[in-house]
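Descriptive analysis of the structure
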Amino acid sequence: MNQATSIPTRFARLLAVGLVLTAVSAHAREEAVVKLDPEGETQLVHPDIYGHFAEHLGHCIYGGIWVGEDSDIPNTRGIRNDVVEALKELDIPVLRWPGGCFADEYHWRDGIGPREDRPSMINTHWGGVVENNHFGTHEFFDLVEMLGTKAYISGNVGSGTVQEMMEWVEYMTSPADSPLANERRANGRDEPWKLDYFGIGNESWGCGGSMRPEDYADLYRRYNTFVKNYGPRIFRIACGANSFDLNWTEVMMDRAARNMDGLSLHYYTLPTGSWRDKGPATGFGEDAYLATLSNTLKMDQLIADHDAVMDKYDPDQRVGLMVDEWGIWTNVEPGTNPGFLYQQNSLRDAILAALNFHIFHKHADRVRMANIAQMVNVLQAMILTDGPRMVKTPTYWIFEMFKVHQGEENLALGIECPEYGDGDLEIPVISASATRNPDTGIIHLSIVNTHPNEETRVLFDFGEQPSMAVGRVLTADAVDAHNTFENPHVVEPTEFTSVSFEESGMSVLMPPKSVVMLTLQ
């Protein structure tokens, strides 16, 4: 979980998410126009774009998801009931585990069998704490089944062996009367699990082995050979680039494209652009708010650049781009373990998440998965816990509001809108994305007003005007507003009624610093 610090400044001014944007004069700041492009191609918004990530890091697993069967916190087989109940409301499509950097020091045999007999280890990447391995393969798949989601496991290439990876896949997925399948049965699971995705290593350019792309490409092909299909075919994901490293993508596509189904990509939004001092999660000023959103919009150009390289070797777009680590990374909360990456989550972060989803929709022809980092208590989390207490973050509500986009057809839009900024750094005020349910024809329209101080009226022209709009809005009094254990409802969706139908189209009055979701019929 790292990325290069030098991000080209030429991407500071990006076209807004989804679409062709034209800045208008300053006197028209309060108006924007969004039109449906009747000639634009529709692309399926892959549900897995709304995926999640849970690593053995800080209190993501222990305390956040796993409390143990003897805990006073209500649980089912050791997994927190309140967290599962909250996460189920998000319709999570896929969950990535056990890392992250942790994956390349994780040895799966340490996490099976009676918990009292499992060996402990030191989590050298994250805080140097002792890991007791009480949450292992069986517990992960138990969580997967509770959530009704798909499993994405990252295998150990950095410190593991080919045999170890091969045997783990057999242990999880083989229905045979064989030693490894029977060992799984002896540990309490008769039927094999369905393993949808398998990542062969993680960040092999960094914490996963500090490899050159040429070295990893050869190693990937070797390890991939021994990921066997004992049941439904496993989708194999190769370690991709660190943010803007196009050479890594070039080498991987040249040497191993035919051996992979997906290639990962990691990009974190740093408010300051510097790893040394990333900026606080709350208490920031408007300049930091603007810089953060500007940095997150670079995801658009980042995906476009890697997609262009992939197109050279895969013009039919068979290989998916999997953005399996993304989100905002700020300084940790004062007084917390620096290795636990615990940060608050504000309205700014919710707006940031919405902007990224619009970008993923735009690139739905290539982007097949994205995994927010991370699910609980780490970085841009959905949920924060403190002992028995739990709170849903503003980002949680974006996932809850946007879940209707999953599996729908992305509609091409054209946007004309003013820009917000200080002259040297400006971003589009309005971002929008529309998807259509292929069965019902209902359109779901999500809109973001990035301006922190001014409302913006947006006129929508969809050709055939809808007859009804039902909506919700997420906003608050301040861009750093956030939910706490003491005040858990500061930022959460409310009914949105500022929609009118005119001869020229549907008019929506967007509050400052807001995200709106409309259902159009």
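Residues numbered from 1 in each chain as written. Predicted model: local features only at pLDDT ≥ 70, side-chain atom pairs only at ≥ 80, totals over all residues. Heavy atoms only, no water.

1. With respect to a negative patch on the surface
Quick reminder of the rule: Candidates for patches are residues over 30% relative accessible area with no salt bridge; among them, like charges are joined within 9 Å and nonpolar side chains (Val, Leu, Ile, Met, Phe, Trp, Tyr) within 5 Å. For accessible areas, the Shrake-Rupley method is used with a probe of radius 1.4 Å. Any residue's cover is judged against the shown protein chains and nothing else. For this document, the term salt bridge refers to a Lys or Arg side-chain nitrogen within 4 Å of an Asp or Glu carboxyl oxygen. Positive charge is attributed to Lys and Arg, negative charge to Asp and Glu, and no charge count is given to His or to the chain ends. Charge coordinates come from a single atom per side chain, which is NZ of Lys, CZ of Arg, CG of Asp or CD of Glu. For every residue, the accessible area (1.4 Å probe, protein chains only) is compared with the maximum for its type, and the residue is labelled buried under 20%, exposed over 50%, or partly exposed between those bounds.
A surface patch of like charges, here negative, comprises Glu286, Asp287, Asp422 and Asp424. Take aspartate 287: its relative accessible area is 62%, and that puts it in the exposed class.

2. Things to note about the side chain of aspartate 349
To be explicit about the condition: Per the convention used, a helix needs a DSSP run of H or I reaching at least four residues, while a strand needs a run of E reaching at least two, with both numbered from the N terminus. Residue contacts are defined here by distance: any two heavy atoms, one from each residue, within 4.5 Å place the two residues in contact.
Tracing the sequence through the fold places aspartate 349 in helix α9 (residues 347-362). A residue is classified by how much of its surface remains accessible, and aspartate 349, at 0% relative accessible area, is buried. Those residues in contact with aspartate 349, other than ones at most four positions away along the chain, are Ile328, Gln344, Gln380 and Thr395.

3. What about the sheet that holds strand β13 (residues 262-269)?
Rules: Strands are treated as partners if at least two bridges between them are detected by DSSP. Orientation is described by axes fitted as lines to C-alpha atoms, over the contacting stretch for helices, and by angles from 0 to 180 degrees between their N-to-C directions.
The eight strands lie next to each other as β4-β7-β10-β11-β12-β13-β14-β15, forming a closed barrel whose pairing is parallel. Adjacent strand axes in the sheet meet at a mean angle of 30° when their direction is disregarded. Examined bridge by bridge, strand β10 (residues 150-155) and strand β11 (residues 197-200) share four bridges and lie parallel to one another. Among the inter-strand pairings, tyrosine 152 is bridged to a residue of β11, identified as tyrosine 197. Along the sheet, helix α5 (residues 213-225) contacts β11 and β12 (235-242); its crossing angle with β12, the most-contacted strand, is approximately 165°.

4. Quick look at the side chain of threonine 173
We apply this condition: Polar contact is defined as a pair of N or O atoms within 3.5 Å, subject to the rule that within protein one atom must be able to donate a hydrogen and the other to accept it, and that residues adjacent in sequence are counted only when both atoms are side-chain atoms.
Within the secondary structure layout, threonine 173 lies in helix α3 (residues 162-173). For threonine 173, a relative accessible area of 10% puts it in the buried group. Reaching out from threonine 173, the side chain makes a polar contact with the backbone oxygen of valine 169 at a distance of 2.7 Å. Discounting chain neighbours no more than four positions away, the residues touching threonine 173 are Arg184, Pro192, Trp193, Leu195 and Tyr230.

5. Focus on the state of the cysteines
Heads up, the condition is: Disulfide: a pair of cysteine sulfur atoms within 2.5 Å of each other.
One pass over the full model with this rule turns up one disulfide. Disulfide pairing places cysteine 101 opposite cysteine 207 at an S-S distance of 2.2 Å. In this structure the cystine formed by cysteine 101 and cysteine 207 twists about its S-S bond by roughly -90°; its chirality is therefore left-handed. Remark: cysteine 207 occurs in the loop between β11 and α5 and cysteine 101 occurs in the loop between β7 (94-97) and β8 (121-122); sequence separation between them is 106 residues. Residue cysteine 101 is classed as buried on the basis of its relative accessible area of 4%. No disulfide involves cysteine 60; its sulfur sits 14 Å from that of cysteine 101, the nearest cysteine. The exposure class assigned to cysteine 60 is buried, which follows from its relative accessible area of 0%.

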